[in-house]
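# A closer look at the structure
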Amino acid sequence: MFREITLGQYYLADSPIHRLDPRVKLLGTFVYILSLFLFRDVVGFAVVTVFLVCVIRSSKVPFSYMVKGLKAILVLMVVTALFNLFLTPGDRVLFSYGILKITLEGVKNAGFMLVRLIYLIVGTSVMTLTTTPNQLTDGLEKALMPLSKVKVPVHSIAMIMSIALRFIPILIEETDIIMKAQTARGADFENGNLVKRTKAMVPLLVPLFVSAFRRADDLAMAMEARCYMGGAGRTKMKPLRYRKEDFKGYLVLAAYFGGIVLWRVFGG
Amino acid sequence: MSLILDKVSYVYSEGTAYERWALKNINLKLEDGEFIGIIGHTGSGKSTLIQHFNGLIKATSGGIYFNGRDIYEEDYDKRELRTQVGLVFQYPEHQLFETTIFDDVCFGPINQGLSKNEAGLRAFEALRSVGMPEKLYYQSPFDLSGGQKRRVAIAGVLAMKPKMLILDEPTAGLDPKGRDEILDLIAAMHKERNMTVVLVSHSMEDVAKYVERMIVMNDGEIMYDGTPGEVFLHYKELEAVGLAAPQVTYLMHELKEQGLPVNSAATTVEEAMESILKAFR
Ligand SMILES: Nc1ncnc2c1ncn2[C@@H]1O[C@H](COP(=O)(O)OP(=O)(O)O)[C@@H](O)[C@H]1O
Ligand SMILES: [Mg+2]
């Protein structure tokens, strides 16, 4: 059950997207998300789709992995679509019943909103599927380094993030084991009403928290024992360096984003 | 009462880059009242195997029959199965959650649908049989020592009165004294209650002393299945897969090679001593 959450899970493969510098991918994701909210007609939509499909294709990650994350936001998707469908004002009425009214604009809005949400999840999971959490935080740290000039603790934030990410799979595994162990003692996590099911979480959550604290404690001790003192003067074993491909990546991004913006301003 | 595994295979993360066959075509029959050791080095599939015994995970292929009934049948009562087949996970103390030791042990019996009184009785009995001093019953389980926590956790499964008790590496992370205590406790349980006991371990020494039957796992397959004496005759093959036979085995084989007529199938220090004394007589 818990293994189905793909957000933040790396898919091992050797592809151009995997090899890109994490900074390129971070900026790429940012630009991509912006572009999702810039397009408002079919042409823009087509450009975004082509871009997304190309990226997914070259990442060598099976498409089924990308859509797994969608299950988690299914409810959100349905609600968003319904709101847009019924609440968009407009005059080309397609259907009305009492106060309920569906307009052509509403259908269009709902459609685009749905597409945006789906593309948002699929697009961001491309990044998490092709970038290890470590690369990601390394990229973030390096990209945000200028902020440390104004006393933002960039290194500490990156360290906290990488530790948190590092522990997600461990805690997932632990959840799995504790759940099985309590099931072996007759616990039932699946049946019963809401109250009953919430109560059933106690035997799961208490041990999970206890273990998380124990692990945090151990880790802090181990870091201190190795003289960890924070960021000052710390160097990297594998510092991030741009390669030729990364600049090509930036170029592609610039072309893509430029195209989207130009179409938004002058097109349609 | 018997448990039969028929051509059981299990694969983790099927269809991904991390796909792994943890069990391959396992055939096994566990009889009533047996004391069985499952041995294998880390990653050989021991934990995966025993989680099949009470239906916690479903075999990718193959069938499991408990008392002649297929446990994968639609209407099979898995909860009843879990009452009969008690499973103590590795590091069971990590699953304690209640405010008092006593309440924690009551968790299983209450889930079985017993009344508060009955569950309490079961808890008392279980805690007594694992040797917990009564004055600790109403303390928090989190204040206990590692070995004590583990006893409480084992009591939590015992309180469900299973017919078959499976323990996954019950001695992991304990000091030698704690280890011997737990193993003696398990052996006593087997004798007194005539329970079928399955003891999972990666230490030959631990298991050889207690069990009547030994199943050696290697890379998801059963490598040997027999009495400890029979299994240790293959000590060279065991070594090749990263398992060591007990030290007496080496000694006895060495002595025999040197021409002393000893029984090289001796697996415990006591047996070895007897055999050596006999050879000199
Ligand atoms: N939850 C899991 N997901 C994926 N692979 C697993 C999981 N649990 C175990 N494995 C893999 O299955 C194999 C057998 O593991 P396990 O049954 O835990 O062995 P053992 O208990 O003998 O150490 C190992 O290679 C392990 O990496
Ligand atoms: Mg194991």
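As shown above, the structure is provided for reference.
Everything quoted here is computed from the prediction, not taken from an experiment.

Conventions and cut-offs
- Residues numbered from 1 in each chain as written.
- Chains lettered and ligands numbered in written order.
- Predicted model: local features only at pLDDT ≥ 70, side-chain atom pairs only at ≥ 80, totals over all residues.
- Heavy atoms only, no water.
- Helix = DSSP H or I, 4+ residues; strand = E, 2+ residues; numbered from the N terminus.
- Rg over C-alpha atoms; globule rule 2.2 N^0.38 Å.
- Buried < 20%, exposed > 50% of the residue type's maximum accessible area, 1.4 Å probe, protein only.
- Contact = heavy atoms within 4.5 Å.
- Areas by Shrake-Rupley, 256 points an atom, 1.4 Å probe, with all protein chains shown as cover.
- Lys, Arg positive; Asp, Glu negative; His and termini not counted.
- Charge placed at Lys NZ, Arg CZ, Asp CG, Glu CD.
- Salt bridge = Lys/Arg side-chain N within 4 Å of Asp/Glu carboxyl O.

## Remarks on the overall build of chain B
A tally of helices and strands in chain B yields eleven helices and ten strands. Whereas a compact globule of 281 residues would reach a radius of gyration of roughly 19 Å, chain B reaches 20 Å, a difference of no more than 12%. Taken along the three principal axes of its C-alpha coordinates, chain B extends 65 × 50 × 35 Å. Considering chain B as a whole, with its 281 residues, one finds that 53% of them fall into the buried category. In chain B, once contacts between residues fewer than 6 apart in sequence are set aside, the share between residues at least 24 apart is 61%. Approximately 12,900 Å² of chain B is accessible, and the part contributed by carbon and sulfur atoms is 49%. Put simply, chain B has 29 plus and 41 minus side-chain charges, and the middle of one group is 3 Å from the middle of the other.

## A short note on the pattern of salt bridges
All names here are of chain B. Scanning all chains against the criterion turns up 22 salt bridges over all chains. Among the ionic pairs, Arg 150 bridges to Glu 93, the shortest N-O distance being 2.9 Å. Of this pair, Arg 150 sits in helix 5 (residues 146-158) while Glu 93 sits in the loop between strand 6 (85-88) and helix 3 (101-111), and the two are 57 residues apart along the sequence. Summarising the burial analysis for this pair, Arg 150 and Glu 93 share the class buried. Lys 161 is the salt-bridge partner of Glu 125, the closest N and O atoms lying 3.6 Å from each other. Taken together, the residues Glu 125 in helix 4 (residues 116-129) and Lys 161 in the loop between helix 5 and strand 7 (164-168) connect sequence positions 36 residues apart.

## Regarding the environment of Pro 62 of chain A
Residue and element names in this part refer to chain A. By secondary structure assignment, the location of Pro 62 is in the loop between helix 3 (42-59) and helix 4 (63-72). By relative accessible area, Pro 62 is classed as partly exposed at 29%. Taking the C-alpha atoms as reference points, Pro 62 and Tyr 11, separated by 51 residues in sequence, lie 9.2 Å from one another.

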